[in-house]
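# An overview of the molecular structure
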Amino acid sequence: MEKCHVLIVDDRPENIVSLTAILDELDIKIITARSGNEALSLLLQYDFAVVLLDVQMPEMDGFEVAELMRDRKQTSTIPIIFITAINKDQEHIFKGYESGAVDYIFKPIEKSHIIRQKIKVFCDLHKARKESEETADTLRLSEKQWQITFDAIDDLVTIHDAEFTLLRANKAMGRFFHKKPEEIIGKKCYEIFCSHDRVCENCPTVSLAQDLQPHTNEVFHPELKKTFLVSASPIFDEDHQYTGIIHIAKDISERISLENQLRQAQKMEAIGTLAGGIAHDFNNLLTPIIGQAELLRMEAAPESRLQNGLDVILRSAERATQLVRQILSFSRQQNQEMIAISIQSIIKEALKLLRSSLPATIAIRQEIEMDCGEIMADPTQIHQLMMNLCTNSSHAMSEHGGVLQVTLASRILLAQECRHDPILSPGPYVCLEISDTGCGMEPDIMERIFEPYFTTKEKDKGTGLGLSVVHGIVAAHKGNIRAESKPGKGSSFRVLLPMILRQHTKTKTREGLPPLPTGTEHILVVDDEPLVAQINAEMLNALGYQVTMKTSSIEALELFQLHGDKFDLVITDLTMPEMTGMELTREILTIRPEMPVILCTGYRELLQKKHTQVPGIRECLYKPVAMREMAVVMRRVLDKRNTYKELR
């Protein structure tokens, strides 16, 4: 710390020299003034520890200087010692003390050590006061910086005493609960956080109070419908006595929501992969069932019991085929015929079908925006989506009846609405909302409604595939589906599908089915599933073709290497052991580049675009293959081959 400043004020130079000599032993800095005005000017420039002030001076005496010093805030507390050689009477002494003097000394100064000691005491007091002020300033600055930091934290931070009473709270706490500081301080933490008179369930402060160790737990706030990550750490004083708690609550509701979405997406992807594999095997089982039934039906007498039984088998197989398509749609492996459509007519058609099957206790209300924009979609799948959602809602109202509300409208999504959705992007959407006044769902049920085979219905009431199929259809159309439900209040499903610029809608017309096309060419059929290869061969034989069947791609290649010129067409499965259908095709085309090949598969995900771009691959068939589809595709490929040969 710098030296203390001492001011000597005297109009006589010899007195100033004498006083300076007396104080020379002290570690101080002496400033001198020859008049009252000069002294007042110096008092504004320096921080003096003490002032030695002569009483008798021209123009302004010492008493006047002292009074002006006491009137100024800056100099009012500076100690004043009057020194005089003339005014030694009682009256002047009293006047000096009334002016604020701490001492009154006569000249000549005989006991110089006494005045030195007094000056030293005042200097020591001044230093102590300055140190105290600096410490206080430091503490105030530290407190201010601490408070700034405390208030800058976005999490809800509070300091409690050992009885959970709030002592301090940061600004985030007040903002979150819309309370002023005085409404928070002095309350129990659970009164603010949970609005009740007991400690919150699962609160880490309970564990902390038992072992005085830091604890962290997730705490759900039922009123705010938010989840907080709450941390509680003990506070100890300098004697290591437990005095309070630092309590930090971080709102993690959004993070948990995103984590749940990620887990759900991963779960759906894993189940989708499994479903795709099951569908592939199921298609191989359906192929011989459908093929044999179609072949036998061709031989059965019209309207006979055999033909009627075969019709039942074919209808059941067709339903099984539709089930496989639902599985593939869920697993996003089903190719859709995407065209530009306005879905108003599809929705109205579905509602007409539903009306005839729903009980009279369920009313249907519809608000269909007729000029709603077009979307790129598969009409069949949109119809299926509509039927599944409405059927699901009708089941929820089967016991007491209710209202099925169907709404279709266009909607513009803004950027902030898509911020937490990885699928949606800003722009125009078609919004289909289907709601009911049924029984509603509990939150734990809501989390699983899109899982395949998950159902709350009785065994004979549903398979649990309806909503999972809807989820797959919406995902395949690059849309989004959200469900809301309250027990006893009903449920609502909102589907958003991206809108496109209005285009001419593609329509299809049904015409009478022509006779099955036939032929006499020689076909090589290759499939590692004996039943599938056998039924394909039998169907082709029934259509008039010559057929050679192989269940090994290696054997098929060896045969083709020897007698490749005898075949007019090769039909091969894509997925086979030892040598895949693509590998077999490449070898065949090496031998005969003009040979047409048809690829068959029950697993569409494996059929990539590069496969269809191989020149020799003319068509792709997806199992189970119906006889009519097989006949039409076969004839189309062979006719193109024959045209090519004629041109050559």
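What follows is about the nonpolar core. Counting residues in hydrophobic clusters, the biggest one holds 39 residues, and the most contacted among them are Ile 347, Met 386, Leu 389, Val 406 and Leu 432. Ignoring anything within four residues of it in the chain, the contact list for Leu 389 reads Ile 434, Leu 467, Val 470, Ile 481, Phe 493 and Val 495. Counting residues in each nonpolar core, the second largest holds 24 residues, with Ala 33, Ala 39, Leu 42 and Val 65 among its members.

Turning our attention to empty space enclosed by the protein. One pass over the structure, following the stated rule, counts 1 cavity of 30 Å³ or more. Volume-wise, the largest cavity comes out at about 110 Å³. Lining of the largest cavity is provided by Cys 189, Tyr 190, Phe 193, Cys 194, Cys 200, Cys 203, Val 219, His 221, Phe 228, Val 230 and His 247. Sorting elements by how many residues they give to the lining of the largest cavity places helix α8 (residues 189-193) first, with 3 residues.

This brings us to unusual backbone geometry. Following Lys 623, the chain continues into Pro 624 via a peptide bond in cis, with omega recorded as -5 degrees. On the secondary structure map, Pro 624 appears in the loop between β22 (617-622) and α20 (627-647). The backbone phi angle of His 178 is positive, close to 55 degrees, even though this residue is not glycine. With respect to the helices and strands, His 178 occurs in the loop between α6 (171-177) and α7 (181-184). For His 178, a relative accessible area of 71% translates into the label exposed.

All right, on to helix α3 (residues 62-71) then. Of the residues making up α3, those classed as buried are Gly 62, Phe 63, Val 65, Ala 66 and Met 69. The buried residues of α3 occupy an angular sector of 160 degrees when projected down its axis, which confines them to one face. On its buried side, α3 packs onto α2 (36-45), β3 (48-54), β4 (80-84), α4 (90-98) and β5 (101-106). Two to three positions downstream of the cap, the backbone nitrogen of Phe 63 sits 3.1 Å from a side-chain oxygen, assigning the N-cap of α3 to Asp 61.

Quick look at the pairing of strand β6 (residues 156-161) now. Burial runs high along β6: 6 of the 6 residues are buried. Burial of the side chains of β6 extends over both faces: Leu 156, Thr 158 and His 160 are buried on one face and Val 157, Ile 159 and Asp 161 on the other. As paired elements, β6 and strand β10 (residues 242-251) share 6 bridges and run antiparallel to each other. By the bridge assignment for β10, Ile 159 is matched with Ile 246. One ladder, built from 3 bridges, connects β6 with strand β7 (residues 166-169); its direction is antiparallel. From the neighbouring strand, His 160 faces β7, where its bridge partner is Leu 166.

On to the packing of helix α12 (residues 344-357) against helix α13 (residues 379-396), then. Look at α12 against α13: their axes get within 9 Å of each other, and the N-to-C directions meet at 45 degrees. With respect to α13, the axis of α12 lies oblique. Judged by the twist between their axes, the crossing of α12 over α13 is right-handed. Side by side, α12 and α13 meet where Ile 346, Ile 347, Glu 349, Ala 350, Leu 351, Leu 353 and Leu 354 of the first sit next to Pro 379, Ile 382, His 383, Met 386, Met 387, Cys 390 and Thr 391 of the second. Taken together, the residues that form the contact of α12 with α13 break down as 11 nonpolar, 2 polar and 1 charged.

How each quantity is defined
Residues numbered from 1 in each chain as written. Predicted model: local features only at pLDDT ≥ 70, side-chain atom pairs only at ≥ 80, totals over all residues. Heavy atoms only, no water. Core = buried A, V, L, I, M, F, W, Y, C linked by side-chain atoms within 4.5 Å. Buried < 20%, exposed > 50% of the residue type's maximum accessible area, 1.4 Å probe, protein only. Contact = heavy atoms within 4.5 Å. 1 Å grid on protein atoms, 1.4 Å probe; cavity = no way out; pocket = protein on both sides within 12 Å on 5 of 7 lines; lining within 4 Å. Points joined across faces, edges and corners; volume = space filled by probe spheres on them. Helix = DSSP H or I, 4+ residues; strand = E, 2+ residues; numbered from the N terminus. Arc of directions from axis to C-beta. Polar contact = N/O pair within 3.5 Å; in protein donor to acceptor, adjacent residues only side chain to side chain. Pairing = 2+ DSSP bridges. Axes fitted to C-alpha atoms, helices over the stretch in contact; angles between N-to-C directions. Parallel < 35°, antiparallel > 145°, perpendicular 65-115°, else oblique. Left-handed = near helix turned anticlockwise from the far one by under 90°. Nonpolar A, V, L, I, M, F, W, Y, C, P; charged D, E, K, R; others polar.

Read these as geometric descriptors, not functional statements.
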